[in-house]
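Descriptive structure summary
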Amino acid sequence: NLGEYEAHFVKAALKDFERAGLALSAEDGAKLKSLLEKDAAICSEFGTNLGSDKTKLFFDPKDLEGCGADFIKERLGKDEEGKCTISLKYPDIIPIGTNCVVAETRR
């Protein structure tokens, strides 16, 4: 007999196996495998595309209000005088989406 903790652990592990396709028929399991492989390929392509993206957006410092002085200073005047250069990559996008109080900039 399993204790409450052990039973919960076993139940969770079984659900993980079921989500992975263990309970599927051979045909459905093959379909799931194919879909997961396609998903992995698309995710890999997305990562490659994002890594090679050179898009630059230019904002006035006032349009980045809430992002912090250091964030703005690091990006100010890199490509255009008086403007902050923003890429579509993590170091730029996440702080803007999280901290910027200017709704139009976040869009």
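Residues numbered from 1 in each chain as written. Predicted model: local features only at pLDDT ≥ 70, side-chain atom pairs only at ≥ 80, totals over all residues. Heavy atoms only, no water.

Observations concerning the overall build of the chain
Along the backbone of the chain there are five helices and two strands. Listed by position from the N terminus, the elements making up the chain come as α-α-β-α-β-α-α. Here the chain has a C-alpha radius of gyration of 23 Å; the compact-globule value for 107 residues is 13 Å, and the former is much larger. Principal-axis analysis of the C-alpha atoms places the extent of the chain at approximately 70 × 35 × 20 Å. The proportion of buried residues among the 107 residues of the chain is 13%. Within the chain, contacts between residues separated by at least 24 positions form 48% of all contacts whose residues are at least 6 apart in sequence. (Helix = DSSP H or I, 4+ residues; strand = E, 2+ residues; numbered from the N terminus. Rg over C-alpha atoms; globule rule 2.2 N^0.38 Å. Buried < 20%, exposed > 50% of the residue type's maximum accessible area, 1.4 Å probe, protein only. Contact = heavy atoms within 4.5 Å.)

Digging into the side chain of R75
If you trace the backbone, R75 turns up in helix α3 (residues 69-75). Among residues more than four places away in sequence, those in contact with R75 are K83, C84, T85, I86, P91 and D92.

Regarding the side chain of T85
If you trace the backbone, T85 turns up in strand β2 (residues 84-86). On the accessibility criterion, T85 (8% relative accessible area) is buried. Among the polar contacts made by the side chain of T85, one reaches the side chain of D79 at a distance of 3.0 Å. For T85, the residues in contact, after removing those within four places along its chain, are K56, L57, F58, R75, K78, D79 and D92. (Polar contact = N/O pair within 3.5 Å; in protein donor to acceptor, adjacent residues only side chain to side chain.)

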